[in-house]
Amino acid sequence: MTARVGVVLFPGTNCEHDVIAAVEALGGSASLVWHGETSLGDVDAVILPGGFAHGDYLRPGAIARFSPVMAAVSQLASAGAPVVGICNGFQVLTEAQLLPGALQKNAGLSFLCDTVAIEVASSASVLTAGLPVGTTLRVPINHFEGNYTCDAATLEELRAGGRIILRYADNPNGSVYDIAGIANAAGNVVGLMPHPERACDPLLGSDDGRLLLGALLASAGARVGS
Amino acid sequence: MTDSSPASPGADVSLHRALGLTDDEAAAITSLLGREPNHLELAMYAVMWSEHCSYKSSRVHLGRLPSEGDRVLVGPGENAGVVDAGGGLAVALRIESHNHPSAIEPYQGAATGVGGILRDIFTMGARPIAIMDPLRFGPLDDARSRWIASGVVAGISGYGNSVGVPTVGGELVFDTCYAGNPLVNVLCCGVLPADRLVLGAATGIGNLAVLLGSSTGRDGIGGVSVLASAGFTDDAAAEEAKRPNVQVGDPFEEKRLIEACLELLDAKLVVGIQDLGGAGLTCATSETASRGGVGMDVSVAAVPQREAGMEAWEVLTSESQERMLAIVTPAALDAVLSVCERWEVQAAVVGKVTGSGRLRILTSFAPGAEVLADVPAATLHEDAPKYHRPMARPAWLDDLASADPARLPAPDDCGSDLLSLLVDPAWVYRQYDHQLFLNTVVAPGGDAALLRLAAPGVRPPPPAAGAAAAIALSTDGNARWCALDPRAGTIAVVAESALNVACVGARPVALVNCLNFGNPEHPEVMWQLSEAIDGMAEACTALGIPVVGGNVSLYNESRGRDIDPTPVVGTLGLVDRLERRPPPPALIPGTRIALIGPPAPGGLDGSLAGSLWADKVRGHRGGVLPPVDLQLHARLLGLVASIASPAGEDPTSGPATGEPAAGSSVVGIHDVSEGGIGLALAEMAIAGRTGCRVSGPLTHVALFGEGPSRVLVCLPPPAAAGGEDPYAALADRVAAAGLAVVDLGTAGGDRIVVEGLVDIGVDQAVEAAHAVLGDALGLGGGAA
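Residues numbered from 1 in each chain as written. Chains lettered and ligands numbered in written order. Predicted model: local features only at pLDDT ≥ 70, side-chain atom pairs only at ≥ 80, totals over all residues.

**Student:** How should I be thinking about the overall build of chain B in this particular structure?
**Tutor:** Assigned secondary structure in chain B consists of 27 helices and 28 strands. Radius of gyration (C-alpha) of chain B: 27 Å, near the 28 Å computed for a compact globule of 784 residues. Its C-alpha atoms give chain B principal-axis dimensions of roughly 90 × 60 × 55 Å. Counting all 784 residues of chain B, 62% fall into the buried class. (Helix = DSSP H or I, 4+ residues; strand = E, 2+ residues; numbered from the N terminus. Rg over C-alpha atoms; globule rule 2.2 N^0.38 Å. Buried ≥ 20, exposed ≤ 12 C-beta atoms within 10 Å, placed from the backbone.)

Dropping the structure here:
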């Protein structure tokens, strides 16, 4: 059965069309969910796409976490469905405390748009399920606040629990432990700074992102089938 | 800003002068109105008749540019040029300057330049899909120039990334002539269904003018007149005092405005729409009324204001950002307001279309409201003065022409000279989102950007519908060439821009220009402008590239020195089929390197006149530019677009592979521009992290010489091409086009070797290129 993915649209989000295009190209179906909605509708998974929700004013994600839709996102996460935050979506998930830690300004104090190498560090998430640890992927990054940080105890917890799912091969932004993406303990809530939807077509330079989004759709589809 | 306030004390004579109007212009206004204008009216004419809005010094020359072509849907004079891309799709294109604001307040100056050009594009009904930023600053060893450069880049990054439009290329030039007056040009390209095209005209008496977006504040008042239409002086305090003339940008407001406006246009809820840019509400109301042949009543009280106590003239001339004026029927108003509410965009009815032909400014719409201004709308827009300013060929040109840089002594070490010319612009474009919308096939750093022709909400047509599959964009300028000979220099600039577009497999179809010049009251500057326009007209006519829009930025001077003439062009190319990535501008190990160029004896050599090497290494700017053979160049463009084509050999051969084009055997391609063959080879070596062994150029003149119509290509060895010799095949095609090709050597290894002249490591070149901007502008590398 085709996995149905809700793509949350905050004012200022700008990667929603790209995510929808990538999901549909992989055989999923996708629909926009306005941030003011209190229900996600009939979806098997939800993606919080990149952009600048509410202009990133105050702090990335700080205002978006109060949007009405976030209660529904939280509920879906508790129910075990896949919830993925990409870039700004990752920042929203940390602000909403669905994931631990925070994203601070890049160590170089400037915006970074580039295609970088990342490695799968754990297969225990809806985004990396089935991908062997050590698999190297080339995926674009595009952020100013992508420097992941957390306290030592949290980092230890993440490492021990196999919750660090993606790491940079050559750390571009100063993230602790080269972290590019993490998951919650159950593996169904995932945040990552790289943009897999930008790496789904060889014409654009890489299609490694299909492996990640493909895994997500498979996870969502498996839940539907179960 | 008290000096320019109509409320300021003093006789009327000083008032119109303080507003930037001459005595003759003030007299003309009196004659048009049949009476003395009041303060508000004078302020409105002052902004509309400013150089920036009226093009009063350049209009008599701009008509010489060719602006017609089969694909041109909208030419110069509208908010943007629009080109038919086939299959029901069209491309909107526009270039602007934000030079003066960026000199005063680099971050906001550059940011609001991006915001302004985006509005010009979505005003036409197009979704903006790409921004290009040609940037020119003073030298990197000047602290203020570094401050301006890093502020401008941060402003473009901060606004462009947040508003959600990718910045896919541009230029980066450091030159002493821009030390007090940087050039911050910005190009935007949008895509639209051709049937959604809307023009900025008010029609339908009784229709309403709805102001969308930000509240109106006191920022940017007099931006077009006091700031953009005057040069910079030596008086630091006076320049500092201009800072409030610079507007402040809010990309989040603009993002919501874009989405709301495109939704309104999609639903066909507006009959006309116009952005508010220079000269604010005065410009938007008078231009829409004038284009529609109608009049308009405007209520000052109805305009949402950011602060209390604003005077009418402030409301009418404010350049507060992120505002649009939509003309809607009364029946559609509720639907318009509801779309705006959803996007959290403020909307207020501020005007009513009338049949009077007059623009009337009222205190309010209440009965008995006072009429503050009452002028024929068209006079603000169309009756601005046109000046035939005096022109004189600069006396210094003869001395420049006779200073032949070929007589400069040869360098001891061409390798170290070459290293000193390398600059990797990645420090800049890594700060720009250049990938959004999944269109960017060739990102910044290539000869031209190559984008899929698609956009959210604009359905890509079926492949057979005759639509172009992709667009190419390149921006180009070269003040060193144009300073020696503005006509020949501009021809060379247009030729190079077209060649850049061809290098990613596209054929050039339209061009926009940003004419950055000095003070038009200097006869030498007007001569340079006129010559540059003639050169552009000659090149565009010969190459069949219509000019669909432009911008003129004058008064680029500081401390009494005019900038060197800097016409910048933005060229749009179309690609019919996009099945593979075009060959990169990189050396590929094991390939043969060949140079394609003019067949005339010595045609493959360049000249050091106006060259990068002569200037940067020897501080020499002089000589006579080599001429461009435009007929030959047109044939080269066709050949290059064909050998670099991203179309697969056989359109039925299955899915895209992402491999370089197999339609021709060329696996790497790069045009030879400033820095000559030497710099082109080094750039390709850096891009491919591959060295070379070359034996063509025998002297530093041949190595660093610059000349038109030359391209480097990499060809696989016969064994890799199934036994057929790709070089022989290419030579046949080159000969058939009346061009010449020479075998320079091979690519491979880790050293860049030009026998007898250069022997440097690829790593050395990478580091030298990378260090320039990071050391001068960055935090020392960035990564942890």
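Next, the rest of the story.
**Student:** Explanation requested: the interface of chain A and chain B in the structure shown.
**Tutor:** Note on interface size: it is often stated as the accessible area lost on association of the parts. Listed by partner, the interface residues are 31 residues for chain A and 31 residues for chain B. Sorting the residues of the side of chain A that touches chain B by element identifies helix H1 (16-25), strand E6 (112-120) and strand E7 (136-143) of chain A as the ones contributing at least two each. Split into classes, the residues belonging to the side of chain A that touches chain B amount to 15 nonpolar, 11 polar and five charged. (Contact = placed C-beta atoms within 7 Å. Nonpolar A, V, L, I, M, F, W, Y, C, P; charged D, E, K, R; others polar.)

**Student:** What exactly am I supposed to notice about helix H27 (residues 762-777) of chain B here?
**Tutor:** Owing to its 3.6 residues per turn, the α-helix aligns residues three or four sequence positions apart on the same side. All names here are of chain B. End to end, H27 covers 24 Å across 16 residues, agreeing with the expected 22 Å (1.5 Å per residue, within 8%). Ala771 marks where H27 bends most, by close to 35 degrees. For H27, every residue scored as buried is listed here: Val762, Ala765, Ala768 and Leu773. Looking at the packing, one finds that the buried side of H27 touches helix H17 (414-421), helix H18 (426-429), helix H24 (676-688), strand E27 (751-754) and strand E28 (758-761). (Expected span 1.5 Å × (residues − 1). Bend = angle between axes of the 7 residues up to and from the residue.)

**Student:** Please clarify how the nonpolar core should be interpreted in this entry.
**Tutor:** A general tendency of soluble globular proteins is for nonpolar side chains to be buried together. Judged by nonpolar contacts, the single largest core of 334 residues is most densely connected at Ala92, Ala326, Ile471 and Val640 of chain B. Those residues in contact with Ala92 of chain B that lie beyond four places of it in its chain are Ala80, Val82, Ile121, Met124, Ala126, Cys189, Gly190 and Leu192 of chain B. (Core = buried A, V, L, I, M, F, W, Y, C linked by C-beta atoms within 7 Å.)

**Student:** Got a minute to help me understand the sheet that holds E7 of chain A in this structure?
**Tutor:** One key point about sheets: their strands pair by backbone hydrogen bonds, in either a parallel or an antiparallel sense. Residue and element names in this part refer to chain A. Spatially, E2-E1-E3-E4-E11-E10-E9-E6-E7 is the arrangement adopted by the nine strands of the open sheet, whose pairing is mixed. Because the sheet does not close on itself, it has two edges, and the strands there are strand E2 (29-34) and E7. Put simply, the sheet's adjacent strands are angled 25 degrees from each other on average, direction ignored. Bridge count between strand E10 (residues 179-183) and strand E11 (residues 189-192): three bridges; the pairing is antiparallel. Of the residues in E11, the one forming a bridge with Ala183 is Val190. Across the sheet, helix H2 (residues 69-78) is in contact with strand E1 (4-9), E2, strand E3 (45-48), strand E4 (83-86) and E11; its angle to E4 comes to roughly 125 degrees. Where helix H3 (residues 88-95) meets the sheet, it contacts E3, E4 and E11, and its direction lies at approximately 120 degrees from that of E4. (Pairing = 2+ DSSP bridges. Axes fitted to C-alpha atoms, helices over the stretch in contact; angles between N-to-C directions.)

**Student:** What am I meant to see in the pairing of strand E9 (residues 295-299) of chain B here?
**Tutor:** Along a regular strand, successive side chains alternate from one face of the sheet to the other. Residue and element names in this part refer to chain B. By the criterion of burial, E9 is predominantly enclosed, with five of the five residues buried. What you see with E9 is no split at all: Gly295, Asp297 and Ser299 on one side and Met296 and Val298 on the other are buried throughout. Sheet topology note: the E9/strand E11 (residues 347-354) ladder contains four bridges and is antiparallel. In the sheet register, Asp297 faces E11, and the bridge partner there is Lys352. In terms of strand pairing, E9 meets strand E12 (residues 358-362) through four bridges, oriented parallel. Of the residues in E12, the one forming a bridge with Asp297 is Arg360.

**Student:** Would you mind going over the environment of Thr13 of chain A with me for this structure?
**Tutor:** Residue and element names in this part refer to chain A. Tracing the chain through its elements places Thr13 in the loop between E1 and H1. Among the residues examined, Thr13 registers 26 C-beta atoms within 10 Å and is labelled buried. Those residues in contact with Thr13 that sit more than four places away from it in its chain are Pro49, Gly51 and Ala53.

**Student:** Sorry, what's going on with the packing of helix H8 (residues 143-163) of chain B against helix H11 (residues 251-266) of chain B here?
**Tutor:** The description of two packed helices rests on the angle between their axes and on the distance between the axes. Residue and element names in this part refer to chain B. Contact geometry of H8 with H11 gives a least axis separation of 8 Å together with a crossing angle of 35 degrees. At the point where H8 passes H11, the crossing takes the right-handed sense. Where H8 approaches H11, its residues Tyr159, Ser162 and Val163 are matched on the opposing element by Pro251, Phe252, Glu254 and Lys255. Its residues assigned to classes, the contact of H8 with H11 shows four nonpolar, one polar and two charged. (Left-handed = near helix turned anticlockwise from the far one by under 90°.)

**Student:** I tried to follow the sheet that holds E11 of chain B on my own but got confused; where do I start?
**Tutor:** Residue and element names in this part refer to chain B. The seven strands lie next to each other as E8-E10-E7-E11-E9-E12-E13, forming an open sheet whose pairing is mixed. Edge strands, defined here as strands with exactly one partner in the open sheet, are strand E8 (272-275) and strand E13 (371-376). The sheet shows a mean angle of 20 degrees between the axes of neighbouring strands, direction not considered. Examined bridge by bridge, strand E7 (residues 208-213) and E11 share five bridges and lie antiparallel to one another. For Leu212, the partnering residue across the bridge sits in E11 and is Ala347. Sheet contacts for helix H3 (residues 39-48): E12 and E13; angle to E13, the most-contacted strand, approximately 45 degrees. Where H11 meets the sheet, it contacts E7, E8 and strand E10 (323-328), and its direction lies at approximately 145 degrees from that of E7.

**Student:** Help me understand the environment of Gly115 of chain B, please; the structure alone is not making it clear to me.
**Tutor:** Residues and elements named next belong to chain B. Checked against the element boundaries, Gly115 lands in helix H7 (residues 106-122). A tally of 26 C-beta atoms within 10 Å means that Gly115 is categorised as buried. Considered as a pair, Gly115 and Ala80 are 35 residues apart in the sequence and their alpha carbons are 14 Å apart. Setting aside residues up to four positions removed in sequence, Gly115 forms contacts with Tyr159, Gly249, Glu254, Gln321 and Glu322.

**Student:** Mind showing me how you'd approach the pairing of strand E25 (residues 711-715) of chain B here?
**Tutor:** Residues and elements named next belong to chain B. Counted residue by residue, E25 has five buried out of five residues, so it is predominantly covered. Across the two faces of E25 the burial is the same, with Val711, Val713 and Leu715 and Leu712 and Cys714 all buried. Pairing geometry for strand E22 (residues 592-597) and E25, over five bridges, is antiparallel. Paired with Ala594 across the two strands is Val713, which belongs to E25. Where strand E23 (residues 668-671) lies against E25, four bridges are found, and the strand directions are antiparallel. The residue bridging Gly668 from the neighbouring strand is Cys714, located in E25.

**Student:** Where do I start with the packing of helix H20 (residues 486-502) of chain B against helix H23 (residues 630-643) of chain B in this structure?
**Tutor:** All names here are of chain B. Where H20 contacts H23, the axes come no closer than 8 Å and their chain directions differ by 20 degrees. Put simply, H20 runs roughly parallel to H23. Every pair of crossing elements has a handedness; the one defined by H20 and H23 is right-handed. Along the contact surface, H20 presents Ala495, Ala498, Leu499 and Ala502, while H23 presents His633, Leu637, Val640 and Ala641. Within the contact of H20 with H23, the residues separate by chemical class into seven nonpolar, one polar and no charged. (Parallel < 35°, antiparallel > 145°, perpendicular 65-115°, else oblique.)

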